[in-house]
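Working through the structure, step by step
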Amino acid sequence: MASWTPELLSDVLEQFPLGVALLTPHGEVFYANRGLAEIAQHESFELMGDGFYDLLFPGKDANARIREKSRSAAEVPFDDLDLTAERGPQKEKRNLHLCGGSVQGPQGPCLVLTVQDITHRKAFEKVIESSFDNFIQVTNALDEAMKKIGEQNAILEEYKDKMTRELAIAKGVQKAIIPREFPQLPGFDLYGVAIPTDELGGDYFDWFQVDEDRLGILIADVSGHGVPSSLITTMVKSSFEY
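Residues numbered from 1 in each chain as written. Predicted model: local features only at pLDDT ≥ 70, side-chain atom pairs only at ≥ 80, totals over all residues. Heavy atoms only, no water.

Our focus in this paragraph is a nonpolar patch on the surface. Taken together, the side chains of Leu142, Met146 and Ile149 define a hydrophobic patch exposed on the protein surface, amounting to about 290 Å² of accessible area. On the secondary structure map, Met146 appears in helix H5 (residues 119–176). You can call Met146 partly exposed: its relative accessible area is 49%. (Patch = residues over 30% accessible without salt bridge, like charges linked within 9 Å, V, L, I, M, F, W, Y side chains within 5 Å. Areas by Shrake-Rupley, 256 points an atom, 1.4 Å probe, with all protein chains shown as cover. Salt bridge = Lys/Arg side-chain N within 4 Å of Asp/Glu carboxyl O. Helix = DSSP H or I, 4+ residues; strand = E, 2+ residues; numbered from the N terminus. Buried < 20%, exposed > 50% of the residue type's maximum accessible area, 1.4 Å probe, protein only.)

Quick look at the structure:
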């Protein structure tokens, strides 16, 4: 079984897919792997000592927070630290997720920090959050629109019912002005019926006695159909004298 020599351990850490830093119990960095150097855009030797803190976290609050977390990792491991770092000479802003804990090394206990660049994940989360907010806004707007449509439909249904009732009354009035009884003439059978295309129509007929020997018949057909035509037939009925 192979022994874990410092060279073998360093070779393994150099291949680790995350950034790794080894610290003294006092929080000073004495090793930074290639992954951490790539995340920081600095050479590994630049991250030794306080370089890791001062180069990546020049802000006072972030610098103090990572130092405190690193030192306390000897007693309380952590995996919940997200900080904004400045990467490279251009000070590019990056979102980093850090975990830390204590391990027993060949020379005694030391602290281990793992560093992951989550900038793209954070950006994706913001897009998802924004899309969700937009979805909620659209959903609320749609609900409000559907509510208004429902209210309008209720008004239209009420108006439709009212118009149906009023048309039924008008239909009854128009039907009432059509003769139901017809004169009895020897040799003739008289009968008439008016059936409108819609609820109301413009067809009208009537009869009247001119004198003892003559019978008058009135037939009217108002152009069109519906309410306007029915009103004219009613006017004809009321104004025609015989």
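Now for the packing of aromatic side chains. The description of an aromatic ring pair uses the distance of the two centres, along with the angle that the planes make with each other. Within this structure, the stated rule accounts for two aromatic pairs. Ring centres of Phe52 and Tyr53 lie 5.4 Å apart, and the angle between their planes is 70°; on these two criteria the pair is classed as edge-to-face. For the pair shown, Phe52 and Tyr53 are each scored as buried. Aromatic pair Phe52 and Phe57: ring centres 5.9 Å apart, planes at 75°, arrangement edge-to-face. Accessibility classification places Phe52 together with Phe57 in one group, the buried group. Three or more aromatic residues link up through ring pairs in this structure, and these residues are Phe52, Tyr53 and Phe57. (Phe/Tyr/Trp six-rings, centres within 6.5 Å; stacked < 30°, edge-to-face > 60°.)

Spatial relationships are all this shows, so hold off on functional conclusions.
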